[in-house]
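Read off the chains here:
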Amino acid sequence: KAGVTQTPRYLIKTRGQQVTLSCSPISGHRSVSWYQQTPGQGLQFLFEYFSETQRNKGNFPGRFSGRQFSNSRSEMNVSTLELGDSALYLCASSLEFLRGGGYTFGSGTRLTVV
Amino acid sequence: EDKVVQSPLSLVVHEGDTVTLNCSYEVTNFRSLLWYKQEKKAPTFLFMLTSSGIEKKSGRLSSILDKKELFSILNITATQTGDSAVYLCAVDVPTGNQFYFGTGTSLTVIP
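An account of the accompanying structure is given in this report. Values in this document were obtained by computation on a predicted structure and should not be read as measured data. (Residues numbered from 1 in each chain as written. Chains lettered and ligands numbered in written order. Predicted model: local features only at pLDDT ≥ 70, side-chain atom pairs only at ≥ 80, totals over all residues. Heavy atoms only, no water.)

## Focus on the overall build of chain B
What counts here: What counts as a helix is a DSSP run of H or I of at least four residues, what counts as a strand is a run of E of at least two, and both are numbered from the N terminus. Just to be clear, the radius of gyration here is over C-alpha atoms, and the globule rule we use is 2.2 Å times residues to the power 0.38. Only protein chains enter the area calculation, which uses a 1.4 Å probe; residues under 20% of their type maximum are buried, those over 50% are exposed, and those in between are partly exposed. Calculation of accessible area relied on Shrake-Rupley with a 1.4 Å probe; when residues are assessed, cover is drawn exclusively from the protein chains displayed.
Secondary structure assignment for chain B yields zero helices and 11 strands. Whereas a compact globule of 111 residues would reach a radius of gyration of roughly 13 Å, chain B reaches 13 Å, a difference of no more than 12%. Looking at the 111 residues of chain B, the share that counts as buried comes to 43%. Here chain B displays about 5,200 Å² of accessible surface, and carbon together with sulfur accounts for 51% of that area.

Dropping the structure here:
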């Protein structure tokens, strides 16, 4: 079966712009989580969605937002981009949050802010 | 504050060597600890550990958890160049449906 698909793979934006990233989970998976990965901070939790509802949010400013659609696809939006937002953004899906390690990551979107 | 610390940060070994990667954690509430391997972008799942002292094994990889001392180790025996990757440790905290990740150990296996 198809894995977790993230688009686009790469993105270059300038400071002040906004960006939308997309994540299509594995078919049947209803939980989608987003993480930001930077060399210094490692993976940091952004938010988790289940059945179109945000169940939890990490310690990121309000410029970071997301949503989930009825088909479980999720989008993440970052407004007023800053240089420090340059990172690899990973999404992960599971049937329900974490059951037997069934948490599958996508290949990520590499965002560069210039 | 919940945190996960991995050591060493990086490691270079020769093929055939055995390596031990460490993960210690301090969390207010613990459900499980997971190990992932990240070669390029997508971390891939290796092990999930919930009970102390029970070794999980998959081929040349094995892992064990010590809930009293709050750490886990990942062992790789007879390393191969294909083992070169970043190994991530994550702790599942039931409150909040999220993982706390360490910054990873970068392993390089040279022929």
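## Considering the pairing of strand β3 (residues 19–24) of chain A
Residue and element names in this part refer to chain A. Quick reminder of the rule: Between any two strands, at least two bridges found by DSSP are needed for them to pair.
Of the strand pairs in this sheet, strand β1 (residues 5–7) and β3 are connected by three bridges, and their pairing is antiparallel. Paired with T7 across the two strands is S22, which belongs to β3. Pairing geometry for β3 and strand β8 (residues 74–78), over five bridges, is antiparallel. When the bridges of β8 are listed, V19 appears paired with V78.

## Quick notes on the sheet that holds β1 of chain A
All names here are of chain A. Stated precisely, the cut-off is as follows: Here an axis means a line fitted to C-alpha atoms, over the contact stretch when the element is a helix, while the angle between two N-to-C directions is reported on a 0 to 180 degree scale.
Taken in spatial order, the four strands line up as β1-β3-β8-β7 in an open sheet, and their pairing is antiparallel. Where the open sheet ends on each side, the last strands, each with one partner, are β1 and β7 (64–68). Across the sheet, the mean angle separating the axes of adjacent strands is 15 degrees when strand polarity is ignored.

## Details of the state of the cysteines
Heads up, the rule is: Cysteine sulfur atoms are paired as a disulfide whenever they come within 2.5 Å of each other.
Applying the stated criterion across every chain, the model contains two disulfides over all chains. The partner cysteine of C23 of chain A in its disulfide is C91 of chain A, sulfur to sulfur 1.8 Å. Measuring handedness by torsion sign, the sulfur bridge of C23 of chain A and C91 of chain A sits at about 60 degrees and is right-handed. Placement of C23 of chain A in strand β3 and of C91 of chain A in strand β9 (residues 87–94) is noted, with a sequence separation of 68 residues between them. The exposure classification of C23 of chain A matches that of C91 of chain A, with both residues buried. Here C23 of chain B pairs with C89 of chain B through a disulfide, and the sulfurs are 1.9 Å apart.

## Comments concerning the environment of P111 of chain B
Residue and element names in this part refer to chain B. Note the threshold: Here, two residues are considered to be in contact whenever any of their heavy atoms come within 4.5 Å of each other.
Tracing the sequence through the fold places P111 in the segment after β11 (105–110). Each C-alpha atom, one on P111 and one on E15, is 5.3 Å from the other, the two residues being 96 residues apart in sequence. If we skip the residues at most four places from it in the chain, P111 touches H14, E15 and T81.

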